[in-house]
Amino acid sequence: MPDAALVARLGSDEGALDELFRRHRRMVLAYGARRCYQPADVADLLAATFLAALKTASRYDPTKGDVGPWLLALAHRQLGSMPGRQSSPRRAGRTDPAPRVLSDDAIARIEEQIDAAQCSVEIEHALLGLSERHREALRLVDYDHLTPTDAAQVTGLRPSAFRFRLARARRAFRSALRDPVPVARPRVALEVH
């Protein structure tokens, strides 16, 4: 689907924002990395830019330009209105005239955090589709780092029965990740690490 069609669907299709974000996040990230002093500011700018895109999508006119420059214009406006942002190095207590550019490693860390946040949402939805017994088996082994034998003791099962439950839980989880089913309301609150 073309970018302009994604923007047109931003208000009605929640997947449109995800796809637009996937396509253009690196461009906005690079823009912010060249203009911000802190990695946290880059992440804030990225979030603010796509939130502004969601709010102003109805005003986007494809005859005036592509989506990429439109997003950068939104990023530019968001950068100027970020609370606490220092507009010049001197105001920030710096003597160098040019803003510090984030290193490639810092940009990579920001990208990893963004990817992890998106992945954690997909994991949470997949977990919500499982039975409570399967969720608990996965939590005990994968989040609490218990051995299957120790996790069996926690659940009151024989180790062989717990291993069987864990294998079924992992199979169901992989299936849920491959073929996600939308969950209307979470039945439980999860901590995804």
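Residues numbered from 1 in each chain as written. Predicted model: local features only at pLDDT ≥ 70, side-chain atom pairs only at ≥ 80, totals over all residues. Heavy atoms only, no water.

Topic: the overall build of the protein
Next, step 1: If you tally the helices and strands in the protein, you get eight helices and zero strands.
Next, step 2: Put simply, the protein runs from its N terminus to its C terminus through helices and strands in the order α-α-α-α-α-α-α-α.
Next, step 3: Per-residue burial for the protein yields a buried fraction of 32% across its 193 residues.
Next, step 4: For the protein, restricting intrachain contacts to residue pairs at least 6 apart in sequence, the fraction spanning at least 24 positions comes to 64%. (Helix = DSSP H or I, 4+ residues; strand = E, 2+ residues; numbered from the N terminus. Buried < 20%, exposed > 50% of the residue type's maximum accessible area, 1.4 Å probe, protein only. Contact = heavy atoms within 4.5 Å.)

Focus on the confidence of the model for the protein
Next, step 1: Mean pLDDT over the protein stands at 77; residues scoring 70 or higher make up 74%.
Next, step 2: In the model of the protein, helix α5 (residues 104-128) stands out as the element of lowest mean pLDDT, 69, in contrast to helix α1 (residues 3-8), which has the highest, 91.
Next, step 3: Note on residues 182-193: pLDDT is under 50 here. Beyond four places in sequence and across chains, it has 21 contacts. (pLDDT = per-residue confidence, 0-100.)

Here we look at the pattern of salt bridges
Next, step 1: For the coordinates displayed, the defined rule picks out eight salt bridges.
Next, step 2: Between E132 and R135 there is a salt bridge, and its shortest N-O distance comes to 2.7 Å. Here E132 pairs with R135, and both are found in helix α6 (residues 132-143), just three residues apart, close to one helical turn.
Next, step 3: R135 sits in the buried class, given a relative accessible area of 4%.
Next, step 4: Residue R139 pairs with E132 through a salt bridge whose shortest N-O separation is 3.4 Å. (Salt bridge = Lys/Arg side-chain N within 4 Å of Asp/Glu carboxyl O.)

Section: the packing of aromatic side chains
Next, step 1: In the structure shown here, the tally under the stated rule is two aromatic pairs.
Next, step 2: Ring centres 5.0 Å apart and planes at 75° place the aromatic pair F21 and F50 in the edge-to-face group. With a gap of 29 residues between them, F21 in helix α2 (residues 14-33) and F50 in helix α3 (residues 39-56) connect regions that are remote in the sequence. Of the two residues examined, F21 and F50, each falls in the buried class.
Next, step 3: Note on Y60 and W70: the rings are 5.0 Å apart at their centroids and 50° apart in plane angle, and the pair reads as tilted. With Y60 in the loop between α3 and α4 (67-81) and W70 in helix α4, the pair connects residues that are ten residues apart, well separated along the chain. (Phe/Tyr/Trp six-rings, centres within 6.5 Å; stacked < 30°, edge-to-face > 60°.)

Digging into the packing of α2 against α3
Next, step 1: Where α2 contacts α3, the axes come no closer than 9 Å and their chain directions differ by 135°. One way to sum up the angle between α2 and α3 is to call them oblique. As α2 packs across α3, the resulting crossing turns out to be right-handed. Here α2 contributes L17, L20, F21, H24, R25, V28, L29, Y31, G32 and A33 to the contact with α3, which in turn contributes V42, L45, L46, T49, F50 and L54. (Axes fitted to C-alpha atoms, helices over the stretch in contact; angles between N-to-C directions. Parallel < 35°, antiparallel > 145°, perpendicular 65-115°, else oblique. Left-handed = near helix turned anticlockwise from the far one by under 90°.)

Notes on the nonpolar core
Next, step 1: Counting residues in hydrophobic clusters, the biggest one holds 25 residues, and the most contacted among them are V7, L20, L45, F50, V67, W70 and L71.
Next, step 2: Looking at this core, the elements with two or more residues in it are α1, α2, α3 and α4.
Next, step 3: Those residues in contact with L45, other than ones at most four positions away along the chain, are Y31, G32, C36, A75, Q78, L79 and M82.
Next, step 4: A137, L138, L140 and V141 belong to the second largest nonpolar core, which has 14 residues in total. (Core = buried A, V, L, I, M, F, W, Y, C linked by side-chain atoms within 4.5 Å.)

Things to note about the packing of α3 against α4
Next, step 1: At a minimum axis separation of 9 Å, α3 and α4 run at an interaxial angle of 115°. The handedness of the crossing between α3 and α4 is right-handed. Residues L45, A48, T49, F50, A52, A53 and T56 of α3 form the contact with α4, whose participating residues are W70, L71, L74, A75, Q78 and L79.
Next, step 2: Among the residues forming the contact of α3 with α4, the class breakdown is ten nonpolar, three polar and no charged. (Nonpolar A, V, L, I, M, F, W, Y, C, P; charged D, E, K, R; others polar.)

Comments concerning α3
Next, step 1: Spanning 18 residues, α3 covers 26 Å between terminal C-alpha atoms, matching the ideal 26 Å at 1.5 Å per step.
Next, step 2: Buried within α3 we find V42, L45, L46, T49, F50, A52, A53 and T56. One side of α3 carries all its buried residues, which in axial view fall inside an arc of 155°. Counted as exposed and oriented over 90 degrees from the buried face of α3: A47 and K55. (Expected span 1.5 Å × (residues − 1). Arc of directions from axis to C-beta.)

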